[in-house]
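# Architecture and fold: a report
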Amino acid sequence: MNSSLKQLIKLLLAPVFPGGIITILIFYLNYFPFELVEKFLLFAAFVIVPLVILLLNYDEKNKHQRMMYAAMKWLQFPAALLTLASVMSSKMWGLESTAIPGILSLGWLLFTLLLGIYGLTTIVIAKGKAAEIAIGAGLVYFFIGGIWFTLYQYQVNLFQANPATHALSSVHFHFSSAIVPIFIGELGRIMTKKSWYPWVVAIDIIGPILIAIGMIFSKPIEYIGVALFACNIVVYTAYLLTYLRKNALNIKATIFLGLSCLAFYTVVVISIFYPLLKNMYSLTIRDFIPIYGALHAFGFVLCGLIGWVFMVDFVKEKANQSAS
């Protein structure tokens, strides 16, 4: 059985496949009257997180880490269903004025706590390896995203932030904050050692924290965090494209990772020309949010995760062939 077929079977057996079907229905059926931000959160719960789990390593000799990994694989889909029920209870079942949406959201909060604990375990076991620290930090950021989601479902006002800000913060931590460190960590696993790489990891960990603080307390801090984070993604995509061009790799991994990088640069180009397009076509930022969201979530994040899943399988198979 070749690598591509094995990887396809692996994806079909994982919760990604049923989760993807549910996500498509949520996005395209009028039956689900959800806000766009809620649809992206459910996309993260049903598709993004199980793909991330496929990328994770665990020590076969470490019983506790092995058990946590098995628990994450089994609990992810039930937790995602509770997330869907939480949103449905507030948008479709007329329970928005009760505590039910918040109570149901605790399922996802507890699951992301498990992800965060696994991330901390990864950091401890890494013993200073920058790539593993980056991946561990990404998993911890999922937990922070889970906290923001629960605050949103409970409709709590925290500091100067209202529930709408909580929803945006949750999306931010489920996508950019969690995913970019994991991408950079995966790149660190396969690239030759570079003196600048630990700095990229450090900035990548600090950036999301600055953005989150800035969203609540200070716009200048948020802008600094966004600038640092964006520069890190530029470094990641530029090096990754160079690596893909110079090395003979799995064709599917190369295509999906290339599409991921292309989606990011498309977002950059649209952002640069936004003022011109806004004036020419009388567009507002609300018109661009679905475009930005789709390019980032389905382009940069989803294609990137699929590409790394194929890449991880390719690297493992190559290592096995070398060992034999």
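Residues numbered from 1 in each chain as written. Predicted model: local features only at pLDDT ≥ 70, side-chain atom pairs only at ≥ 80, totals over all residues. Heavy atoms only, no water.

### Describing the overall build of the protein chain
For the record, the criterion: Elements are defined by DSSP. Helices are runs of H or I of four residues or more, strands are runs of E of two residues or more, and each kind is numbered from the N terminus. Note on exposure labels: buried denotes an accessible area under 20% of the residue type's maximum, exposed denotes more than 50%, and partly exposed covers the range between, all computed with a 1.4 Å probe on protein chains only. We call two residues in contact whenever any of their non-hydrogen atoms come within 4.5 Å of each other. Only the protein chains shown count as covering a residue, and every accessible area follows the Shrake-Rupley method with a 1.4 Å probe.
Scanning the protein chain from N- to C-terminus turns up 11 helices and 0 strands. When the helices and strands of the protein chain are listed from N to C terminus, the series reads α-α-α-α-α-α-α-α-α-α-α. With 324 residues in all, the protein chain has 49% of them scored as buried. In the protein chain, the share of contacts with a sequence separation of at least 24, taken over all contacts with a separation of at least 6, comes to 74%. Here the protein chain has roughly 15800 Å² of accessible surface; of this, 70% comes from carbon and sulfur atoms.

### Observations concerning the packing of helix α5 (residues 100-126) against helix α6 (residues 130-153)
Relative orientation and spacing of two packed helices are given, respectively, by the angle between their axes and the distance between those axes. Threshold: Convention adopted: a line fitted to C-alpha atoms gives each axis, helices being fitted over their contacting stretch, and angles between N-to-C directions are expressed from 0 to 180 degrees. Geometric relationships in this document are graded by angle, where less than 35 degrees denotes roughly parallel, more than 145 denotes roughly antiparallel, 65 to 115 denotes roughly perpendicular, and other angles denote oblique. Here is the rule for handedness: rotate from the far helix to the near one, and if that takes an anticlockwise turn smaller than a right angle the crossing is left-handed, while a clockwise turn gives right-handed. Ten residues, namely Ala, Val, Leu, Ile, Met, Phe, Trp, Tyr, Cys and Pro, are considered nonpolar, four, namely Asp, Glu, Lys and Arg, are considered charged, and the remaining ones, Gly among them, are considered polar.
Contact geometry for α5 and α6: axes closest at 7 Å, N-to-C directions at 165°. Considering the angle they form, α5 stands roughly antiparallel to α6. Of the two possible hands of crossing, α5 and α6 adopt the one that is left-handed. Considered class by class, the residues forming the contact of α5 with α6 number 18 nonpolar, 10 polar and 1 charged.

### Some words on the packing of helix α3 (residues 36-55) against α5
At their nearest, the axes of α3 and α5 sit 13 Å apart, and the two run at 20° to each other. The angle between α3 and α5 falls in the class roughly parallel. For the pair α3 and α5, the crossing hand works out as left-handed. Touching Ala45, Val49 and Ile53 of α3 are Trp108, Phe111 and Leu115, all from α5. When grouped by side-chain class, the residues that make up the contact of α3 with α5 number 6 nonpolar, no polar and no charged.

### Regarding the pattern of salt bridges
As a reminder, the rule being used: The salt bridge criterion pairs a side-chain nitrogen of Lys or Arg with a carboxyl oxygen of Asp or Glu, the two atoms within 4 Å.
The final tally for this structure, using the stated rule, is 3 salt bridges. Here Lys91 ties to Glu38 by a salt bridge, and the two come within 3.6 Å at their closest N and O atoms. Pair noted here: Lys91 is in helix α4 (residues 63-91) and Glu38 is in helix α3, with a separation of 53 residues, a long-range link. Among the residues examined, Lys91 registers a relative accessible area of 32% and is labelled partly exposed. On the basis of relative accessibility, which here comes to 1%, the residue Glu38 falls in the buried class.

### Focus: the environment of Pro198
By the element assignment, Pro198 lies in helix α8 (residues 197-216). Assessed through its relative accessible area of 44%, Pro198 is described here as partly exposed. A sequence separation of 67 residues divides Pro198 from Ala131, and the C-alpha atoms of the two residues are 8.2 Å apart.

### Some details on a nonpolar patch on the surface
Condition: The patch calculation keeps residues exceeding 30% relative accessible area without a salt bridge and links them within 9 Å when they carry like charges or within 5 Å when they are nonpolar (Val, Leu, Ile, Met, Phe, Trp, Tyr).
Residues Phe17, Ile21, Leu25, Leu29 and Tyr31 make up a contiguous nonpolar surface patch of roughly 490 Å² in combined accessible area. Here Phe17 is to be found in helix α2 (residues 16-28).

### Observations regarding the packing of aromatic side chains
Our working definition: Centres within 6.5 Å are what make two rings of Phe, Tyr or Trp a pair, Trp counting through its six-membered ring; a difference in plane orientation under 30 degrees is then read as stacked, over 60 as edge-to-face, and the rest as tilted.
This model, assessed by the stated rule, comprises 19 aromatic pairs. Measuring from ring centre to ring centre gives 5.9 Å for Phe46 and Phe77, while their planes differ by 70°; the resulting arrangement is edge-to-face. Of this pair, Phe46 sits in helix α3 while Phe77 is found in helix α4, placing the two residues 31 residues apart along the sequence. Overall, the relative accessible area of 22% leaves Phe77 in the partly exposed class.

### As for unusual backbone geometry
At Gln155, a position not held by glycine, the phi torsion is positive, near 55°. Position of Gln155 relative to the elements: it lies in the loop between α6 and α7 (163-190).

### Regarding the side chain of His166
Mapped onto the elements, His166 comes out in helix α7. According to the relative accessible area criterion, His166 is buried, its value standing at 0%. Excluding residues within four positions of it along the chain, His166 makes contact with Trp148, Leu151, Tyr152, Val156, Asn157, Leu158 and Ala161.

### Observations concerning the environment of Ile182
Summarising the element assignment, Ile182 is placed in helix α7. Overall, Ile182 belongs to the buried group, its relative accessible area being 0%. For Ile182 and Gly136, which are 46 residues apart along the polypeptide, the C-alpha to C-alpha distance reads 7.8 Å. Setting aside residues no more than four positions away along its own chain, Ile182 makes contact with Val52, Leu55, Ala134, Ile135, Gly138, Leu139 and Phe142.

### Here's the deal with α5
Operational definition: For a helix, the expected span equals 1.5 Å multiplied by the residue count minus one.
With 27 residues, α5 extends 40 Å between its outermost C-alpha atoms, agreeing within 8% with the 39 Å of an ideal straight helix rising 1.5 Å per residue. Backbone geometry just after α5 places Lys127 at a positive phi near 55°.

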